[in-house]
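# Descriptive structure summary
In case you want the letters, here they are:
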Amino acid sequence: MKPKTPNESAIIMTELVLPNDTNVHGNLMGGRLMYWMDIAAALAAGKHCNAPVVTASVDNISFENPIKLGNVVHIEARLSRAFNTSMEVHLNVWGEDHTQQYKYKSNEAYYTFVALDPNRRPRPVPPLIAETEAEKALFDGALRRRQLRLILGGKMNPQDAGELRALFLKS
Ligand SMILES: CC(C)(COP(=O)(O)OP(=O)(O)OC[C@H]1O[C@@H](n2cnc3c(N)ncnc32)[C@H](O)[C@@H]1OP(=O)(O)O)[C@@H](O)C(=O)NCCC(=O)NCCS
């Protein structure tokens, strides 16, 4: 399979926060934002592997700044690493107030997707080539994040998580 760069599958989604999207505080509901993020990330993963994908896991999401009613939401989804059948997608979210000409970071997250074959079984995906320094840092960190989420999901023995253990053990 031909390797691809993050740029080849990057997705930018733009939404407007309408009254139906808000909570009692007049801000965008977290659940609505996670829904949009899931779609943006799935589009990036599907574009990378040219196959149907399912969400396998979502890492912790913390909301740095609320996005207000009437503001614009920008969601950028880029692959940070492709493994065998799974892909990690890094998301960045900003809010924008057009009247005040002000853009602010809202949150960041990692979503993992698995590509499926016609029998709905996991199928291999093309490798990802990290080009820039920022892409390389995300690519390297993806191995540790994958080990952590597989341990927490009961799918990996902590003894096998070499890169993650190295973070905590002095050489
Ligand atoms: C995700 C899913 C396809 C994995 O199937 P599985 O039978 O466990 O497959 P495997 O154990 O062979 O794992 C396949 C890949 O999924 C990854 N994976 C499995 N569980 C994972 C988890 N909790 N977090 C991240 N990746 C995970 C594995 O690491 C593997 O990736 P790799 O091939 O790149 O190493 C399956 O659990 C599924 O269909 N889940 C429901 C998905 C869904 O409906 N999502 C949307 C609604 S919330």
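These notes cover the structure that comes with them.

Analysis parameters
- Residues numbered from 1 in each chain as written.
- Predicted model: local features only at pLDDT ≥ 70, side-chain atom pairs only at ≥ 80, totals over all residues.
- Heavy atoms only, no water.
- Near = heavy atom within 4 Å.
- Polar contact = N/O pair within 3.5 Å; in protein donor to acceptor, adjacent residues only side chain to side chain.
- Areas by Shrake-Rupley, 256 points an atom, 1.4 Å probe, with all protein chains shown as cover.
- Helix = DSSP H or I, 4+ residues; strand = E, 2+ residues; numbered from the N terminus.
- Nonpolar A, V, L, I, M, F, W, Y, C, P; charged D, E, K, R; others polar.
- Salt bridge = Lys/Arg side-chain N within 4 Å of Asp/Glu carboxyl O.
- Buried < 20%, exposed > 50% of the residue type's maximum accessible area, 1.4 Å probe, protein only.
- Expected span 1.5 Å × (residues − 1).

## Considering the site of the ligand
Near the ligand lie 16 residues; those nearest to it are Thr-55, Asn-84, Thr-85, Ser-86 and Lys-155. Within the contact set of the ligand, an oxygen atom lies 2.6 Å away from a side-chain nitrogen or oxygen of Thr-85. Coverage of the ligand by the protein chains reaches 56% of its 940 Å² of free accessible surface. Of the residues forming the shell around the ligand, the biggest block, 4 residues, is contributed by strand S2 (residues 53-58). For the shell around the ligand, the residue count by class is 6 nonpolar, 6 polar and 4 charged.

## Some details on the environment of Ile-61
Within the secondary structure, Ile-61 is located in the loop between S2 and strand S3 (62-63). With 68 residues separating them along the chain, Ile-61 and Ile-129 place their C-alpha atoms 26 Å apart.

## Looking at the pattern of salt bridges
For the coordinates displayed, the defined rule picks out 7 salt bridges. Here Arg-32 and Asp-21 are joined by a salt bridge, their closest N and O atoms 2.9 Å apart. One end of the pair, Arg-32, is in helix H1 (residues 30-49); the other, Asp-21, is in the loop between strand S1 (11-16) and H1, and 11 residues separate them in sequence. Taking relative accessible area as the criterion, Arg-32 reaches 31% and is therefore assigned partly exposed. Look at Asp-21 and you get buried, because its relative accessible area is 8%. Measuring nitrogen to oxygen at the nearest pair gives 2.6 Å for the salt bridge that ties Arg-149 to Glu-88. Placement of Arg-149 in helix H2 (residues 133-152) and of Glu-88 in strand S5 (residues 86-97) is noted, with a sequence separation of 61 residues between them.

## What about H1?
For H1, which comprises 20 residues, the first-to-last C-alpha distance of 28 Å matches the rise-based estimate of 28 Å (1.5 Å per residue) to within 8%. Looking at H1, one finds that the buried residues are Leu-33, Trp-36, Met-37, Ala-40, Ala-41, Ala-44, Ala-45, Gly-46, His-48 and Cys-49. With its phi angle positive at about 50 degrees, Asn-50 sits one or two positions after the end of H1.

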